[in-house]
Amino acid sequence: MSDPTKLKTKQQQGFSVIGRSVPRKEDYRLLTGTAQFMDDLQIPRALHACFVRSPHAHARILSIDTDKAKSYPGVVAVFTGQDLLQWVSPARMAPPIEGLLPMEMNVLPVDKVRFDGDPVVCVVAADRYIAEDAAELVEIEYEVLPAVTDMFKGMEEGAPLVDDALHTNLVSRQTYEHGDVMSRFAEADQIVEATFSQHRQTHVPMETRGCAAVWDEGRQYLTFYIGTQVPHPMRTTLAGRLGLKETQVNVVCPDIGGAFGQKIALYREELTVAALARHLKRPVRWQEDRMENLLAASHAREDYVKTRTAVTNDGKILAMEAELFSDFGAYSFFPANYMLRVVAMLLPGMYKIQDYAYEMKVVLTNKCPAGPYRSPMAVTSWVTEGTIDAIARQLKLDPVHVRKINMLQPEDLPYRTATDELYEDITPSETLDMALKHYDYEAFRKQQKEAWEQGRYRGLGICAVVESTTYGSEFYRKAGIPGTGHEAAWVRIEPTGVINASAGVMGSGQGYETTLAQAVAEGLGVKPEDVSIHLGDTLLAPYGMGSRGSRGAVAGAGTLYLAAQEAQRKVLRIAAKLLGLKDPDRLKLQEGNVYRLIDEEWVQTDLTIVDISKTAYLNPLILPEGMDPGIEVHKTFDPPPMTYSNAVHLCEVEVDVSTGAIDIGRYLVVEDAGRLINPRIVEGQVMGATVLGIGGVLFEEVIYDENGQNLTGTLMDYMLPTACEAPNIEIVHYDTPNHRTPAGLKGMSEGGVMGAIGAVCNAVSDALSPYGIVIEKQPLTPSHIRSLLRAKEEQQ
């Protein structure tokens, strides 16, 4: 798909394994078809579950008749939400956050359904086919209620209530102000307004959700197999909802065929399967089909933002106000304010805006619940960079000029933002300058004028991205959200000198087994091929916070790197003892060999890590005084409150005004992701995220009709981009280590989404500027572009 260009990779000095594009360890089994995903697991005696789902967006459950289904041959049992109440406690989402209403949710609804696809009844049978056939025999009588399908109408007085326990559908409202916004607006030469409407999308992992629960009645012990990004938090939640001790539950993750944030929450189907395995004393499994995934897994991104910006005539921003709205769907799987708060927090972007205020509203509707999606703050960069372009349009200035006079410069760092975030070790102006130079911005503008004269509508979109990567515990404390950002890891050198290591993160395609092995190898001084990474088993791995929010590098690899460094110190102390030295100060471990500094030259000794580990385990009596046998280190690490990466995306498009089709001609990313563990994997992450963002802008959309019926329940209706639609993406590295994190790691994997949304939308606005068209709403389908053009033509 691409031929990445690497102009600059700096600051990799002093590292021998980190920074190398070693091949991915996990690819052998993934590419040879020998990986083990959920459906590949053989579970003896397992029963199969199937869920009867609501056909209505909003309806009262009047009665449920399961007799015919229960009598169907092969059916073991049929359960309703009322049945499950005796075995599962409700989920209560009620963090003490001002403006956030508490919500409670049963495992399955007992009184009314809240969206098209809501699971109502679970049929358990000898095989999946029988379960699905029997599900057709369940008879449910509903009283259909008016549905809330528009978040703005949902806030109107007298709107139907999605949650009868609340007095309103406005589940969260928060305001914030920093500086003197009113005074800055009074001083402004002009006020610039802009609006941004992002549509509902969903994750579409290649492997849908699935799980298997095995209850050991004799031991009173549950083994739960599931592809989850957060094994340990999943175990804690599962045990709590089932009334079990955490020592009675183990979560085991096989290979995961994509997650993108959809496999974080403990969903009601999964909880039902676990409860029924315990009740029936038989293994029970469930595998979601594609329609269920599109209807009822989780959705995201349905946001609307309006900005007002106070500016001077030369384009300097004095202050910004923002109104933010988000459609949260029918239920709460996490605090409703969480994701929109991050959007509001990051909205000033990489610009010097100290006078800033926002109001954010999150609304319940009769749609599939919202869930975290790769880059949950994805709309942010489009809003920020679209606002910059709006300023340039209104003041008739070059958009690059407006960016440069407002952007943070090196001398401004470290910089405390208006939302109390600390930016340090980021490179906004450097990456922008590099992108413009590499692209030859001036030459493009000349070519664009020539193209317009020929009736070709080419445009260039610029999007500067600041990406929040790893959330430390301090972030959660400040946000009032329960949780922690720390991570845990262990490294163990076995008697034969091979290394086993583990952390609490869980991979779903990111290449963790490779990058985490590189981090251990770097910290310890061995070859990465001698390190085996073990993830996804809560009995084996240490309790960590899992994978989300681009934390795999800083939290996962960073903690392992620290643990490996500590293991190396023990190895060298033993080596010093064996070599008859007083201390290990002049020793180092490299590729498993012990080197000694003699006359300023490193000289290899006869000792290797194999000799030392054998001594540590099998001859502990000769270890240094006071040292414990073996070589095993456990480590925890709490990252800074927030780490940031940054990037600049440039996207060139040509719009066919007769059809509305958009062709991406060139795409460039200048990325500062800190010290790179494995550049090839980073490039894969940047490309994948960028294509995901492009797909969301141009193709994907979850559509509900006015009654709340989901019209995009198949992949014929929900359009995904393929490799054919993915443009060539040029990637330029500009790597600046973070001085607060192990090895200078920053992390990245979501910024590509943010950059793509802003760059593509801004490029299309630029291309259609001769028509006076500004993109305010996604997706940019040919029909939408044509409707904008027709409206302009009718005005003329």
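Residues numbered from 1 in each chain as written. Predicted model: local features only at pLDDT ≥ 70, side-chain atom pairs only at ≥ 80, totals over all residues. Heavy atoms only, no water.

Looking only at helices and strands, one finds 21 helices and 32 strands in the protein. Whereas a compact globule of 796 residues would reach a radius of gyration of roughly 28 Å, the protein reaches 28 Å, a difference of no more than 12%. Projected onto its principal axes, the C-alpha coordinates of the protein cover approximately 90 × 75 × 50 Å. Burial status across the protein gives 61% buried among its 796 residues. The contacts in the protein between residues at least 6 apart in sequence include a share of 80% that link residues at least 24 apart. (Helix = DSSP H or I, 4+ residues; strand = E, 2+ residues; numbered from the N terminus. Rg over C-alpha atoms; globule rule 2.2 N^0.38 Å. Buried < 20%, exposed > 50% of the residue type's maximum accessible area, 1.4 Å probe, protein only. Contact = heavy atoms within 4.5 Å.)

Bringing the side chain of T741 into the picture now. Here T741 shows up in the loop between β32 (729-733) and α20 (751-767). Among the polar contacts made by the side chain of T741, one reaches the main-chain carbonyl oxygen of N738 at a distance of 3.5 Å. Those residues in contact with T741 that sit more than four places away from it in its chain are V554, P640 and T643. (Polar contact = N/O pair within 3.5 Å; in protein donor to acceptor, adjacent residues only side chain to side chain.)

Next up on the list: the side chain of T195. One can find T195 in strand β10 (residues 190-198). Judged by relative accessible area, which is 19%, T195 ranks as buried. If near-sequence neighbours (up to four positions away) are discounted, T195 is found in contact with Y304, V305, K306 and E776.

Moving on, we get to a nonpolar patch on the surface. A surface patch of nonpolar side chains, amounting to about 300 Å² of accessible area, comprises L578, L621 and I622. For L621, the location among the structural elements is in the loop between α18 (609-618) and β29 (631-637). The class of L621 is exposed, set by a relative accessible area of 81%. (Patch = residues over 30% accessible without salt bridge, like charges linked within 9 Å, V, L, I, M, F, W, Y side chains within 5 Å. Areas by Shrake-Rupley, 256 points an atom, 1.4 Å probe, with all protein chains shown as cover. Salt bridge = Lys/Arg side-chain N within 4 Å of Asp/Glu carboxyl O.)

Glancing now at the pattern of salt bridges. In the structure shown here, the tally under the stated rule is 45 salt bridges. In this structure, the salt-bridge partner of E269 is R53, at a minimum N-O distance of 3.0 Å. Of this pair, E269 sits in helix α8 (residues 268-280) while R53 sits in strand β1 (residues 47-53), and the two are 216 residues apart along the sequence. For R53, a relative accessible area of 15% puts it in the buried group. The salt bridge partner of K404 is D433, with a shortest N-O separation of 3.2 Å. Of the two residues, K404 sits in helix α12 (residues 399-406) while D433 sits in helix α13 (residues 428-439), which places them 29 residues apart along the sequence. Note on D433: relative accessible area 36%, which makes it partly exposed. Linked by salt bridges that have partners in common, R53, R209, E269, E288 and E292 make up one network.

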